Amino acid sequence: SQQGEEDPQALSIQEGENATMNCSYKTSINNLQWYRQNSGRGLVHLILIRSNEREKHSGRLRVTLDTSKKSSSLLITASRAADTASYFCATPWGGATNKLIFGTGTLLAVQP
Amino acid sequence: DVKVTQSSRYLVKRTGEKVFLECVQDMDHENMFWYRQDPGLGLRLIYFSYDVKMKEKGDIPEGYSVSREKKERFSLILESASTNQTSMYLCASSQAGNQPQHFGDGTRLSIL
């Protein structure tokens, strides 16, 4: 019942470069969320974008949502070594308003 | 800050044992979740609770049960542990509705 799928599965960039990760999902949603997970730790919520929003910013993060294409992207600008982590998108589970389905994630490595 | 605390970071148990994983949240959240995370499979929902003594099955409930006797505490029980239950277990909580989920640091469980 996987809903979101991230692309690419892995990404390696140099410090200072921008990193873009994409998420595609299958059914209609009312919001989409992005999370980050450092190795061996729990997930941390980054940003929530609602279906009536096209773009949202939070610090160096920029998220876009295209409901017609059922896709979202997460852009991290001016990346730092500390941004090295896995990034997941999550969407509501079917009609349920409490449960989320997580994608398999993008592993981002930022080389110093 | 919301704090979700899982009782153990690492746990080693033997096949056939009954295993208890405990999770406590300090923000009076209605929803609590148990996931397992395996390489290449992402996060999969085991069980979800939206209120005290209330629970719903997730994607993979077989071999697991849960208990929520108090709002702040959500326990995952492996009735008879098997080697295929070796995994990272993550607990999360959220307010009602599609609000961001707050995760604990996970319990890495090994069943020998």
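Parameters at a glance
- Residues numbered from 1 in each chain as written.
- Chains lettered and ligands numbered in written order.
- Predicted model: local features only at pLDDT ≥ 70, side-chain atom pairs only at ≥ 80, totals over all residues.
- Heavy atoms only, no water.
- Disulfide = S-S within 2.5 Å.
- Helix = DSSP H or I, 4+ residues; strand = E, 2+ residues; numbered from the N terminus.
- Buried < 20%, exposed > 50% of the residue type's maximum accessible area, 1.4 Å probe, protein only.
- Contact = heavy atoms within 4.5 Å.
- Buried area = accessible area lost by both parts, 1.4 Å probe.
- Salt bridge = Lys/Arg side-chain N within 4 Å of Asp/Glu carboxyl O.
- Polar contact = N/O pair within 3.5 Å; in protein donor to acceptor, adjacent residues only side chain to side chain.

### Section: the state of the cysteines
Covalent bonding between the sulfur atoms of two cysteines is what defines a disulfide. Overall, the coordinates contain two disulfides over all chains when judged by the stated rule. Between the sulfur atoms of Cys23(A) and its disulfide partner Cys89(A) the distance amounts to 2.0 Å. On the S-S bond that ties Cys23(A) to Cys89(A), the torsion sits near 70°, and the link is right-handed. Taken together, the positions of Cys23(A) in strand β3 (residues 19–24) and Cys89(A) in strand β9 (residues 85–92) put the pair 66 residues apart, joining distant regions of the chain. Overall, the relative accessible area of 1% leaves Cys23(A) in the buried class. One disulfide in the model links Cys23(B) with Cys91(B); its S-S distance is 1.9 Å. Disulfide Cys23(B)-Cys91(B): torsion about the S-S bond near -80°, hence left-handed. One end of the pair, Cys23(B), is in strand β3 (residues 19–25); the other, Cys91(B), is in strand β9 (residues 87–94), with 68 residues separating them in the sequence.

### Quick notes on the interface of chain B and chain A
Listed per partner, the contact involves 26 residues of chain B and 24 residues of chain A. Carbon and sulfur atoms supply 48% of the area that chain B and chain A bury against each other, a total of about 1,900 Å² over both sides. Here Glu56(B) makes a salt bridge to Lys99(A), at a shortest N to O gap of 3.1 Å. On inspection of chain B and its partner chain A, the count reaches six residue pairs in polar contact (both at pLDDT 80 or more). Elements that contribute at least two residues to the side of chain B that touches chain A include exactly β4 (31–38), β5 (42–51), β6 (54–57) and β9 of chain B.

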